[in-house]
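Listed below, chain by chain, are the residues.
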Amino acid sequence: MSSKSSRWRTDGVRIIRPDQLDDATAQTLGMHRRAAVTTQKTGATKLWAGTVTIDAKARTGAHHHGDLESVIYVVNGVARMRWGDHLEFIAEAGPGDFIYVPPYVPHQEINASDDVQLHCVVARSGQQGLVVNLDITPVEIPELVRWIDDLHK
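Residues numbered from 1 in each chain as written. Predicted model: local features only at pLDDT ≥ 70, side-chain atom pairs only at ≥ 80, totals over all residues. Heavy atoms only, no water.

Engineer: Is there a simple way to think about the overall build of the protein in this case?
Structural biologist: Check the secondary structure of the protein and you find 2 helices and 11 strands. Order of helices (α) and strands (β) in the protein, N terminus to C terminus: α-β-α-β-β-β-β-β-β-β-β-β-β. Out of the 153 residues in the protein, the part that is buried amounts to 35%. A fraction of 69% describes how many contacts in the protein between residues 6 or more apart in sequence connect residues 24 or more apart. Counting every atom, the protein has about 9,900 Å² of accessible surface; 54% of that belongs to carbon and sulfur. (Helix = DSSP H or I, 4+ residues; strand = E, 2+ residues; numbered from the N terminus. Buried < 20%, exposed > 50% of the residue type's maximum accessible area, 1.4 Å probe, protein only. Contact = heavy atoms within 4.5 Å. Areas by Shrake-Rupley, 256 points an atom, 1.4 Å probe, with all protein chains shown as cover.)

Engineer: Whenever I open this one, the layout of surface pockets confuses me. Can you help?
Structural biologist: If a probe as big as a water molecule is rolled over the atoms, it shows which places are left empty. What the largest pocket holds in volume is close to 440 Å³. Along the wall of the largest pocket there are 32 residues; nearest its centre are Met 31, Arg 33, His 65, Arg 124 and Val 131. Those elements giving two or more residues to the lining of the largest pocket turn out to be strand S1 (31-37), strand S2 (48-54), strand S4 (70-76), strand S5 (79-83), strand S7 (98-101), strand S8 (107-111) and strand S9 (118-124). Here the lining of the largest pocket is built from residues that sort into 14 nonpolar, 15 polar and 3 charged. Estimates place the volume of the second largest pocket at around 380 Å³. As for the second largest pocket, its lining consists of 17 residues, and the residues nearest its centre are Trp 83, Ala 91, Ile 99, Tyr 100 and Trp 147. Taken together, the elements giving at least two residues each to the lining of the second largest pocket come down to S5, strand S6 (89-93) and S7. It is S7 that provides the largest number of residues to the lining of the second largest pocket, a total of 4 residues. Residue classes in the lining of the second largest pocket are distributed as 13 nonpolar, 1 polar and 3 charged. (1 Å grid on protein atoms, 1.4 Å probe; cavity = no way out; pocket = protein on both sides within 12 Å on 5 of 7 lines; lining within 4 Å. Points joined across faces, edges and corners; volume = space filled by probe spheres on them. Nonpolar A, V, L, I, M, F, W, Y, C, P; charged D, E, K, R; others polar.)

Engineer: Would you explain the pairing of S2 in this entry?
Structural biologist: The side chains of a regular strand alternate, residue by residue, between the two faces of the sheet. A large share of S2 lies buried, amounting to 7 of its 7 residues. Both faces of S2 are covered, namely the face carrying Trp 48, Gly 50, Val 52 and Ile 54 and the face carrying Ala 49, Thr 51 and Thr 53. Where S1 and S2 come together, 6 bridges link them in antiparallel fashion. Residue Met 31 lies in a different strand from S2, and its bridge partner there is Ile 54. In this structure, S2 lies alongside S9, joined through 7 bridges in antiparallel fashion. Each bridged residue has a counterpart across the sheet, and for Thr 53 the counterpart in S9 is His 119. (Pairing = 2+ DSSP bridges.)

Engineer: Got a minute to help me understand the nonpolar core in this structure?
Structural biologist: What tends to happen in soluble globular proteins is that the nonpolar side chains get buried as a cluster. The biggest cluster of nonpolar side chains holds 16 residues, and the ones touching the most others in it are Val 52, Ile 54, Ile 72, Val 74, Ile 99, Leu 118 and Cys 120. Secondary-structure elements contributing two or more residues to this core are S1, S2, S4, S5, S7 and S9. With near-sequence residues (within four places) excluded, Cys 120 lies in contact with Gly 50, Thr 51, Val 52, Ile 72, Tyr 73, Val 74 and Val 75. (Core = buried A, V, L, I, M, F, W, Y, C linked by side-chain atoms within 4.5 Å.)

Engineer: Any chance you could explain unusual backbone geometry here in plain terms?
Structural biologist: What is expected of a backbone is that most residues other than glycine have negative phi and most peptide bonds are trans. Of note in this structure, Leu 87 is not a glycine but carries a positive phi near 50°. Relative to the assigned elements, Leu 87 resides in the loop between S5 and S6. Exposure remark for Leu 87: the relative accessible area of 3% places this residue in the buried category. The backbone phi angle of Tyr 104 is positive, close to 65°, even though this residue is not glycine. By secondary structure assignment, the location of Tyr 104 is in the loop between S7 and S8.

Put into C-alpha cells, the structure is as follows:
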C-alpha cells in the first residue's frame, strides 16, 4: 500500500453517526444543538455543521453571527425567520427547504408550530460559535417575503 493511500485512510472522509453528535456546544433555552463537523471531531477548520431541534413555540432573541455565513436545512416542522434592523421581514421554510443567512444579518429563529418540534441541519462557514445578541425593538407587524426566483416572476 502506498503512503498516500495510508494517509487518506486516516485523513480522508469522515462519517459521523447520530450517536456521535456532540451536545457540548452552545445551547439556547428551547433549543438543542448537537455538533457533527468540528475541528475536534473531523479536523475541519473552515466550516461547522450540526443539528438543532427547537421546541414548539420557542424562539431565539435577535442576534447575528458576525462574519459567518449560515445555511439551515429544515428536516421537520416549520421554521419562521424574522430579519432586518428591526426584524421587519418574515418568511417561513418547511421540510426540504434551505435557509441562507448572510454575515451580520440581524435575525430571529422561531418554531412556527404550537405542538411540533422543529428539526434542522445547520452549517456555518467557521468553527467559532459566534452569537452576537442584539437589543432591538422589533416592528409589530413584519413584511411577509415570498421568495420567487427570477425565472418565475
